[in-house]
Amino acid sequence: MTTGNSKQERIDRASVKAGDYEEMSVNCAQGTLAALQEEFGFEGGKELLKAATFFPGVMARKETCGALLGGLMAMGLAYGRDKLFDPAWNTPEASEEMFRYRQKVYRYCEAFKAEYGSTMCGVIRPLIMGRDYDTMIPEERAQFLADGGRKKCRQPAETAARIAAEILLEDES
């Protein structure tokens, strides 16, 4: 975790890192998640990063943007539960706390959607690339990369990390 900087510096750093990692790996989910894990000191390391491997390109190719999913995973690390069930969660206070967290995650998704008009990769990628690509076809993937996909797809990763960092920092003094 990086400390000693203003909230805005932390937001900017997480956003730029997410874009850098996307450009380096061509994996917006992993890039966004890794940037937020580093900035906020979240546990999970290699195993969680590994779990995010197939969000972009396979699942997210037409469905939910991988960058958004990477941010959701980071928010789960901050606000989620680490057990399937705990009797302590059956209290009004615990229920209210989880509702507050869900509201934060909902705001994250809605803010991302406001930036691109959708949370779907199949809508976002044509907006930033000028066309869509079926990256499961080798020639299309090669064309995506030749058309600057690494650089252009930084945008959703940067956006997702920025919005998530803003929300994650709300409770810090």
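Small disclaimer: the values here were computed from a predicted structure and weren't measured.

**A look at the overall build of the protein chain**
Reasoning step 1: Tallying secondary structure elements over the protein chain gives 10 helices and 0 strands in all.
Reasoning step 2: Mapped in sequence order, the helices and strands of the protein chain form the string α-α-α-α-α-α-α-α-α-α.
Reasoning step 3: In terms of overall size, the protein chain behaves like a compact globule, its C-alpha atoms giving a radius of gyration of 17 Å where 173 residues would be expected to give roughly 16 Å.
Reasoning step 4: With respect to the principal axes defined by its C-alpha atoms, the protein chain has extents near 55 × 35 × 30 Å.
Reasoning step 5: Taking all 173 residues of the protein chain together, 40% fall into the buried category.
Reasoning step 6: Long-range contacts, defined here as pairs at least 24 residues apart, represent 67% of the contacts in the protein chain between residues at least 6 apart.

**Description of the packing of aromatic side chains**
Reasoning step 1: If you walk through the whole model with that rule in mind, you get 4 aromatic pairs.
Reasoning step 2: Judged by centre distance (5.4 Å) and plane angle (70 degrees), the rings of Y133 and F144 are edge-to-face. Separated by 11 residues along the polypeptide, Y133 in the loop between helix 7 (121-129) and helix 8 (138-146) and F144 in helix 8 bring together distant segments of the chain. F144 shares its class with Y133; the two are buried.
Reasoning step 3: Between R125 and the ring centre of F144, over which it is positioned, the NZ or CZ distance is 5.3 Å.
Reasoning step 4: Positioned over the ring face of Y133 is R131, at 4.0 Å from the centre of the ring.

**Here we look at the packing of helix 5 (residues 66-79) against helix 10 (residues 154-168)**
Reasoning step 1: Between helix 5 and helix 10, the shortest axis-to-axis distance is 8 Å and the interhelical angle comes to 20 degrees. In terms of axis orientation, helix 5 runs roughly parallel to helix 10. As for how helix 5 packs across helix 10, the hand of that crossing is right-handed. Within the contact between the two elements, helix 5 uses A67, L68, M75, A78 and Y79 and helix 10 uses P156, A157, A160, A164, I167 and L168.
Reasoning step 2: Of the residues belonging to the contact of helix 5 with helix 10, the class tally is 11 nonpolar, no polar and no charged.

**Quick word on the state of the cysteines**
Reasoning step 1: Counting across every chain of the model gives 0 disulfides.
Reasoning step 2: You can see C28 has no disulfide; the closest cysteine sulfur is in C65, sitting 4.9 Å from it.
Reasoning step 3: Looking at C121, it has no disulfide partner, and the nearest cysteine sulfur is the one in C65, 5.9 Å off.
Reasoning step 4: Take C121: its relative accessible area is 14%, and that puts it in the buried class.

**Notes on the nonpolar core**
Reasoning step 1: In terms of nonpolar packing, the biggest core is built from 38 residues, with L36, F40, Y108 and F112 touching the most fellow members.
Reasoning step 2: Elements supplying a minimum of two residues to this core: helix 1 (7-25), helix 2 (28-40), helix 5, helix 6 (92-116), helix 7 and helix 10.
Reasoning step 3: The element contributing the most residues to this core is helix 10, with 8 residues.
Reasoning step 4: Once residues within four sequence positions are removed from consideration, Y108 is found in contact with A67, L68, G71, L72, M75, A160, I163, A164 and I167.

**Observations concerning the environment of I124**
Reasoning step 1: Along the chain, the position of I124 falls in helix 7.
Reasoning step 2: Sequence separation between I124 and L36 is 88 residues; the distance between their C-alpha atoms is 22 Å.
Reasoning step 3: Once you skip the residues sitting within four places of it in the chain, I124 turns out to touch C65, F112, Y116, S118, T119 and P156.

**Here we look at the packing of helix 2 against helix 10**
Reasoning step 1: Closest axis-to-axis distance for the helix 2/helix 10 pair is 9 Å, and the angle between their directions is 30 degrees. Where helix 2 crosses over helix 10, the handedness of that crossing is right-handed. Every residue of helix 10 that contacts helix 2 at C28, T32, L36 and F40 is listed here: A157, A160, A161, A164, A165 and L168.
Reasoning step 2: When the residues that make up the contact of helix 2 with helix 10 are grouped by side-chain class, the tally is 9 nonpolar, 1 polar and no charged.

Rules used in this analysis
Residues numbered from 1 in each chain as written. Predicted model: local features only at pLDDT ≥ 70, side-chain atom pairs only at ≥ 80, totals over all residues. Heavy atoms only, no water. Helix = DSSP H or I, 4+ residues; strand = E, 2+ residues; numbered from the N terminus. Rg over C-alpha atoms; globule rule 2.2 N^0.38 Å. Buried < 20%, exposed > 50% of the residue type's maximum accessible area, 1.4 Å probe, protein only. Contact = heavy atoms within 4.5 Å. Phe/Tyr/Trp six-rings, centres within 6.5 Å; stacked < 30°, edge-to-face > 60°. Lys NZ or Arg CZ within 6 Å of the ring centre and 35° of its normal. Axes fitted to C-alpha atoms, helices over the stretch in contact; angles between N-to-C directions. Parallel < 35°, antiparallel > 145°, perpendicular 65-115°, else oblique. Left-handed = near helix turned anticlockwise from the far one by under 90°. Nonpolar A, V, L, I, M, F, W, Y, C, P; charged D, E, K, R; others polar. Disulfide = S-S within 2.5 Å. Core = buried A, V, L, I, M, F, W, Y, C linked by side-chain atoms within 4.5 Å.

Structural measurements only, silent on function.
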